[in-house]
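# Structural overview
So the chains spell out like this:
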Amino acid sequence: MQNIMGYLLQYSTCSVAIGAVLFAITIGYFGSPLFIWAIFLLGLLAGLGASLEVLVVVAVIAGVFILPPLRRILITGFIMKIMKNVLPQISETEKTALEAGVIWSEAELFSGKPNFTKLMKEPNPKLTPEEQAYMDGPVEELCAMVDDWEIWKTRELSAKALQFLKDKGFLGMIIPKEYGGLGFSALLHSEVIMKISTRSIATSITAMVPNSLGPAELLIHYGTDAQKNHWLPRLAKGEELPCFGLTEPQAGSDAGAITSEGVLFKGDDGKIYIRLNWRKRWITLAAISTVIGLAFRLRDPENLLGRGTDLGITCALIPSSTAGVVIGRRHDPLGVPFYNCPTEGLNVVVNAEDAIIGGVAGAGGGWKMLMESLAAGRGISLPAQSTGGVKALMRISSAHATIRKQFGVSIGKFEGVEEPLARIGGAAYYTEAMRRYTLSALDQGIKPPVVTAIAKYSATEISRKCVNDAMDILGGAGISMGPRNLIAIPYIATPIGITVEGANILTRTLIIFGQGALRAHPFAFKEVAAVEKGDLVEFDKAFWGHVGHVVRNMCRAIVLSLTRGYLAFGSRGTGGPVARHFQRLAWASASFAILADLSMGLLGGKLKHKEKITGRFADILSWMYIGTAVLHRFEADGRKEEDLPFVHYSMKVALSEIQKAFDGLLSNFDVPFISLLFKEPLHWWSSMNRISDPPTDALGHKICSLMMTDSEQRERLTEGVYIPKDKQQAFGRLENAFREIKKSEATDSKIRKAIRQKKMDKIKGPKRIDEALAKGIITPDEKSNLVTAEELRWDAIQVDDFSETEYHSKVYEK
């Protein structure tokens, strides 16, 4: 409100001087926005010479709004009744999902006036010496031990590798040390998964699942002391191998539709038992598990617990050896050989107190457990795997684009190749920024479900685009499978990450904005909660706060749009070379906030089903978050000047994606009487007054040049990618060739210059090097280095081939 008044006062005449004085006095004394506006209005009218009668009428009307008891009786109560009839019913499962976790930086972005100074001060997580030693020791050993092509060919992770995972604590990274686990941070957990995934997808999945949503996570937070003492040490040592059964034939993204059932009954010994029946599918590790974490609906027909007959979704631990448990079969997820399996339970009987996580007191609390656990795990495993993949693709594609020549020139010099190569390089920077920023929250003990949903959705989608770009760059080398091919298996596996832990389509449309609109909005959830409880006092506070919020953001959005963000005075963040990016993000936030409020107000409950609209809002919120993470990374990395091209490129991508989503919203906003305003003047203005255009060709060229330079920066920006020391392995071979070729580039340039100057004939192949030496253009040492580089280039561009026998046995030989 104060911002709005400030803008108005700049354009007022001397006739409102009295109002301005009264306004200044009441700000300091009363501090009530409604009171301030009333005094200002009266002062304005008095200054304009209004009659006493008019002033009295205005004062009476203002009094209705200013005095809360009067306002609640005459206005707010009526509005609350209307909203009770208009608002869609929120189910208990939806309410639990909304209440799970907390809000974090997304609330600032949703506010319309983000405090970037606060957002930039979020800590940048660092590994402890113990964690770094684990990365340098067991993680490096594991990566050296496994071979993705061998795993693909034999269709299994070796028994030696699986035992190593158990012995070195990979399956107990999140388990506290007092229970024999490693007790590592979310950052370490993420770093481990990221590095392993750049070596072997199947191995990374095997390591990630026990540390994500599953028995260990649930026991740590909700288990009884007896359950923790029994299970956690065994899980930490790998003596027990866990899986978690959630998904069913009719319950995928709609996990609340679970039909698996448990029925309480009293045994002959007087103890309470559960008889379970279930049919689950797509359960990772189920076929080799020793304990199954199970989500099911619990019924108590005899009301043994005294809490009714339908207790709701419950989580329990079922030993796989229990009579009636069926495991052993497998799905085949695109040929990627990790254990992904169905499991069934037929009249499985377990002790209720022992099996239910949290004991019988935890009966019916499963949905809350799941939502709170997903709020954390969703922000670690798949973002780590995807970010590692993108950084590996940056390294692979830039090396290949340097090594591979056509028409006598490295293909990375062609603009057609530069375009996808720059997209990969930019993505490597901003996905890593998003990963680290998200981990900042998690390592502070903050579990923001909207933020982790953004991280999961965005990282996996960006990874999908990058692997397609890399496939275009590598061409035939990318489609020829074999031990030399570094991207084929990740390419095949990409849809798996898109699908699990909440399918991306529904994560985008239902969680990021659907949940974010209520949880991250400063007033919406309070309004809904007040209506649900029938609390008029709380609704009054929330509703009128919301009204003020809308007015403020409306004015802020208009002013920032007219000035292209330059008047976002409090939103310059850390200033310097990135100050303009902060201003544009502030502009985007204000526009987003007012459009979100208008959509919720005009569409009401229908918005829940307008998934194309909510999806575009989700895109805006996601890219605002990624942009914030990029700027945070730039600060955390010490504002390295050499990284500015990546920062500018990343911000151009983020802001142009935001603009694209705004364009989609405005051109598709179908509301009677209002849609014409959105589709015509507002859409025209938005298209003419764009927040940002995509990155320029020149900026993309700069990114590619940096990617194709053997430098500290290239090493730093791809940190966390496993590169074998063995130069006969595919990645080691590629990197060795890249380095040697970069060393010999100056020599090669001498020869090309001599040819242009007619000092030697245009000769191809090894004879060209001999001729250059004979003509004194290069030295013997330069010739030796160049010959070595060309031999390595030749070797690096070779692809795999197989005899008929090898071809027919290499995949399904078992």
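Residues numbered from 1 in each chain as written. Predicted model: local features only at pLDDT ≥ 70, side-chain atom pairs only at ≥ 80, totals over all residues. Heavy atoms only, no water.

Mapped onto the fold, T206 is located in helix 13 (residues 201-208). Looking at T206, the relative accessible area reads 8%, which means it is buried. Only 2.9 Å separates the side chain of T206 from the backbone oxygen of A202, close enough to count as a polar contact. Discounting residues that sit within four places of it in the chain, T206 has contacts with L157, L162, L165, L171 and L285. (Helix = DSSP H or I, 4+ residues; strand = E, 2+ residues; numbered from the N terminus. Buried < 20%, exposed > 50% of the residue type's maximum accessible area, 1.4 Å probe, protein only. Polar contact = N/O pair within 3.5 Å; in protein donor to acceptor, adjacent residues only side chain to side chain. Contact = heavy atoms within 4.5 Å.)

Summed over the entire model, instances satisfying the criterion amount to 42 salt bridges. One salt bridge connects K405 with D748, and the closest N-O pair in it is separated by 3.6 Å. Linking K405 in strand 8 (residues 405-406) with D748 in helix 34 (residues 745-756), this pair joins segments that are 343 residues apart in sequence. You can call K405 partly exposed: its relative accessible area is 23%. Where salt bridges share partners, they join R395, R714, E715, E735 and R739 into one cluster. (Salt bridge = Lys/Arg side-chain N within 4 Å of Asp/Glu carboxyl O.)

Here the focus is the packing of helix 18 (residues 381-403) against helix 33 (residues 730-743). Closest axis-to-axis distance for the helix 18/helix 33 pair is 9 Å, and the angle between their directions is 50°. As far as their axial angle goes, helix 33 and helix 18 are oblique. Crossing of helix 18 against helix 33: the hand is left-handed. Contacts between helix 18 and helix 33 involve A392, R395, I396, S398, A399, H400, T402 and I403 from the first element and F731, L734, E735, A737, F738, R739, I741 and K742 from the second. Here the residues of the contact of helix 18 with helix 33 sort into nine nonpolar, three polar and four charged. (Axes fitted to C-alpha atoms, helices over the stretch in contact; angles between N-to-C directions. Parallel < 35°, antiparallel > 145°, perpendicular 65-115°, else oblique. Left-handed = near helix turned anticlockwise from the far one by under 90°. Nonpolar A, V, L, I, M, F, W, Y, C, P; charged D, E, K, R; others polar.)

Per the stated rule, a full pass over the model turns up one cavity of 30 Å³ or more. In this structure, the largest cavity spans a volume of roughly 200 Å³. In terms of residue count, helix 33 provides more of the lining of the largest cavity than any other element does, three residues in total. Of the residues contributing to the lining of the largest cavity, the split by class is nine nonpolar, four polar and two charged. (1 Å grid on protein atoms, 1.4 Å probe; cavity = no way out; pocket = protein on both sides within 12 Å on 5 of 7 lines; lining within 4 Å. Points joined across faces, edges and corners; volume = space filled by probe spheres on them.)

By the definition in use, this model includes 19 aromatic pairs. Relative to F646, the ring of Y429 has its centre 6.1 Å away and its plane inclined at 25°; by these criteria the two rings are stacked. With Y429 in helix 19 (residues 415-442) and F646 in helix 29 (residues 644-667), this residue pair connects regions lying 217 residues apart in the sequence. Taken individually, Y429 and F646 each receive the classification buried, so the pair is uniform in this respect. A ring pair is formed by F539 and F543, whose centres lie 5.6 Å apart and whose planes are at 25°; its orientation type is stacked. In this pair, F539 and F543 both sit in helix 26 (residues 536-562), four residues apart, roughly one turn of the helix. In this structure F539 comes out as buried when scored by relative accessible area, which is 0%. (Phe/Tyr/Trp six-rings, centres within 6.5 Å; stacked < 30°, edge-to-face > 60°.)

What follows is about the environment of E790. Tracing the chain through its elements places E790 in helix 36 (residues 780-796). In the structure, E790 is positioned 387 residues away from I403 in sequence and 9.2 Å away in space, judged by C-alpha atoms. Here R793 takes part through its side chain, which lies 3.1 Å from a polar atom of the side chain of E790.

The side chains of a regular strand alternate between both faces of the sheet. Bridging between strand 2 (residues 261-266) and strand 3 (residues 272-284) involves six bridges; their strand directions are antiparallel. Each residue of the ladder has a partner; that of E261, found in strand 3, is N277. Taking the residues that link successive antiparallel strands as the turn, the strand 2-strand 3 hairpin has five residues, and the phi of G270 there is positive, at about 85°. Examined bridge by bridge, strand 2 and strand 4 (residues 291-299) share three bridges and lie parallel to one another. Bridge assignment links G262 to a residue of strand 4, and that residue is L298. (Pairing = 2+ DSSP bridges.)

For strand 4, a buried count of seven out of nine residues is recorded, marking the element as mostly surrounded by other parts of the structure. Sheet topology places strand 4 next to strand 5 (residues 310-319); nine bridges connect them, and they run antiparallel. Note on strand 5: the bridge partner recorded for G293 is L317.

Counting 109 residues, the largest nonpolar core has F513, F592, L621, M624 and I658 as its most contacted members. When neighbours within four sequence positions are excluded, M624 is seen to be in contact with L109, L585, A588, S589, F592 and I658. In terms of nonpolar packing, the next biggest core, distinct from the first, is built from 64 residues, W152, L165, M194 and F296 among them. (Core = buried A, V, L, I, M, F, W, Y, C linked by side-chain atoms within 4.5 Å.)

It is worth spelling out a nonpolar patch on the surface at this point. On the surface, a cluster of nonpolar side chains totalling about 660 Å² of accessible area is made up of M554, I558, L562, W684, W685 and M688. The set of elements that each furnish at least two residues to the nonpolar patch consists of helix 26 and helix 30 (675-688). (Patch = residues over 30% accessible without salt bridge, like charges linked within 9 Å, V, L, I, M, F, W, Y side chains within 5 Å. Areas by Shrake-Rupley, 256 points an atom, 1.4 Å probe, with all protein chains shown as cover.)

At W282, a residue that is not glycine, the phi angle is positive and equals roughly 60°. With respect to the helices and strands, W282 occurs in strand 3. A relative accessible area of 47% places W282 in the partly exposed class. Not every positive phi belongs to a glycine, and L285 is a case in point at roughly 75°.

Before going further, it helps to examine helix 11 (residues 159-167). An α-helical turn contains 3.6 residues, so a residue and the one three or four places further along point in the same direction. Along helix 11, the residues that are buried comprise A161, L162, F164, L165 and K166. Turning to helix 11, the residues buried within the fold contact helix 9 (129-145), helix 13 and helix 15 (225-237). Phi turns positive, to about 80°, at G169, one or two residues after helix 11.

Further remarks concern helix 33. Between its first and last C-alpha atoms helix 33 spans 20 Å; for 14 residues at 1.5 Å apiece the expected length is 20 Å, and the two agree. Buried within helix 33 are the following residues: A730, F731, G732, R733, L734, E735, N736, A737, F738, E740 and I741. (Expected span 1.5 Å × (residues − 1).)

On to the state of the cysteines. Following the criterion strictly, the structure yields zero disulfides and no others. Take C704: it sits in no disulfide, and the sulfur closest to it among the cysteines is that of C466, at 12 Å. (Disulfide = S-S within 2.5 Å.)

Any region with low pLDDT has predicted coordinates that should not be read closely. With 92% of its residues at a pLDDT of 70 or more, the chain shows a mean pLDDT of 89. Low pLDDT (under 50) marks residues 1-32, which in the prediction has 37 contacts with non-local residues, meaning those over four places away or in another chain. (pLDDT = per-residue confidence, 0-100.)

The next point concerns the packing of helix 12 (residues 186-197) against helix 13. It is the contact of helix 12 with helix 13, at a shortest axis distance of 7 Å, that shows an interaxial angle of 160°. As the angle between them shows, helix 12 and helix 13 are arranged roughly antiparallel. Judged by residue contacts, I193, I196 and S197 of helix 12 engage I201, T203, S204, A207 and M208 from helix 13. Within the contact of helix 12 with helix 13, the residues separate by chemical class into five nonpolar, three polar and no charged.

Mapped onto the fold, P215 is located in helix 14 (residues 215-222). Looking at P215, the relative accessible area reads 3%, which means it is buried. Separated by 47 residues in the primary sequence, P215 and K168 have C-alpha atoms spaced 19 Å apart. If sequence neighbours within four positions are ignored, P215 has contacts with L235, P242, C243, F244, G293 and L317.

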